Amino acid sequence: MTASGVSVVRVGGLRFVSRGPHDDEVYREVVEARCYERPRLGNTMRQGERWIDCGANVGAFTVWAEKTMGAEIIAYEACRENTDVAAENLRLNGCRATVETAFVSARLGGVSSVSFNERTPARSSAVSSGVQRFVRNVSLADEIARHRPHGLKIDIEGGELAILDAGLPLEGIRALAIEYHFRFDKDCVAARRRIAPLLSHFRHNSVPKTIFMTDRWPAWQDAIMFFWS
């Protein structure tokens with residue numbers, strides 16, 4: 001990619017296309033800070049596992065997982081601008097994986113409206129304002145049945161709420177990292193209901209205790225929750 005203002009940066013021994021500070025922040029969080037793992041708690045990806053990456057963004061997790069852990073990644077990202085960067089990142093690092101432009105949904109078929117906002121790190125959202133795009137839906141339940149993954153990474157900017165409401169088929173899934181976007185729904189009663197099947201299925205979790213202590217999420221931040229067996 002040779003567009004003005006675009007460069008290539010190295011993070012954790014890997015090469016990534018950077019459109020600016022927001023992309024750099026994503027690479028540091030995913031590759032260096034390992035934000036989708038909790039190794040100290042015993043939650044890590046295992047060598048050679050198959051994962052579905054829902055909300056691949058610029059492909060940082062997909063690149064890291066394949067090149068560092070030998071993982072097989074099936075990746076989806078809703079915004080074409082991000083998918084183009086992800087494709088270049090995969091090429092730069094010699095990855096086998098691809099990132100498909102699609103919205104991971106509880107629905108089969110049809111399209112969803114997503115927004116693109118280059119002022120935010122994610123640059124895409126199912127809820128927030130921005131340049132609106134219509135993207136075809138991919139049913140997560142169908143993709144789980146098709147690929148039989150060991151793990152799921154779900155970070156789809158509010159879209160996870162509908163997926164949790166519909167219910168996740170969890171048989172065979174060992175680990176799940178999901179960002180719960182409280183800025184779109186601060187109702188902790190609803191959050192407890194949504195994550196109850198996850199708490200029952202997995203042996204371990206890192207769910208913030210605050211969820212069980214209040215009816216309204218008190219912080220402005222979203223929360224990445226980890227579930228694993």
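What counts, and at which threshold
Residues numbered from 1 in each chain as written. Predicted model: local features only at pLDDT ≥ 70, side-chain atom pairs only at ≥ 80, totals over all residues. Heavy atoms only, no water. Axes fitted to C-alpha atoms, helices over the stretch in contact; angles between N-to-C directions. Helix = DSSP H or I, 4+ residues; strand = E, 2+ residues; numbered from the N terminus. Parallel < 35°, antiparallel > 145°, perpendicular 65-115°, else oblique. Left-handed = near helix turned anticlockwise from the far one by under 90°. Contact = heavy atoms within 4.5 Å. Nonpolar A, V, L, I, M, F, W, Y, C, P; charged D, E, K, R; others polar. Expected span 1.5 Å × (residues − 1). Buried < 20%, exposed > 50% of the residue type's maximum accessible area, 1.4 Å probe, protein only. Arc of directions from axis to C-beta.

> Sorry if this is basic, but what is going on with the packing of helix α1 (residues 21–32) against helix α2 (residues 60–69) here?
Angle between the axes and distance between the axes are the two parameters that describe a pair of packed helices. Close contact between α1 and α2 brings their axes to 9 Å; oriented N to C, the two are set at 30°. Taken together, α1 and α2 sit at an angle that is classed as roughly parallel. Classified by chirality, the crossing of α2 by α1 is right-handed. Residue-level inspection shows Val26, Tyr27, Val30 and Val31 of α1 in contact with α2, the latter providing Ala60, Phe61 and Trp64. Within the contact of α1 with α2, the residues separate by chemical class into seven nonpolar, no polar and no charged.

> Could you clarify how one ought to interpret α1 in this entry?
Structurally, the α-helix is built with 3.6 residues per turn, so residues lying three or four positions apart point the same way. For α1, which comprises 12 residues, the first-to-last C-alpha distance of 15 Å matches the rise-based estimate of 16 Å (1.5 Å per residue) to within 8%. Every buried residue belonging to α1 is among Asp23, Val26, Tyr27, Val30 and Val31, and all of these are buried. Looking straight down α1, one finds its buried side chains confined to an arc of 100°; they lie on one side. For α1, exposure combined with an orientation more than 90 degrees from the buried face picks out Pro21 and Glu32. Looking one or two residues beyond α1, the residue adopting positive phi is Arg34, at roughly 50°.

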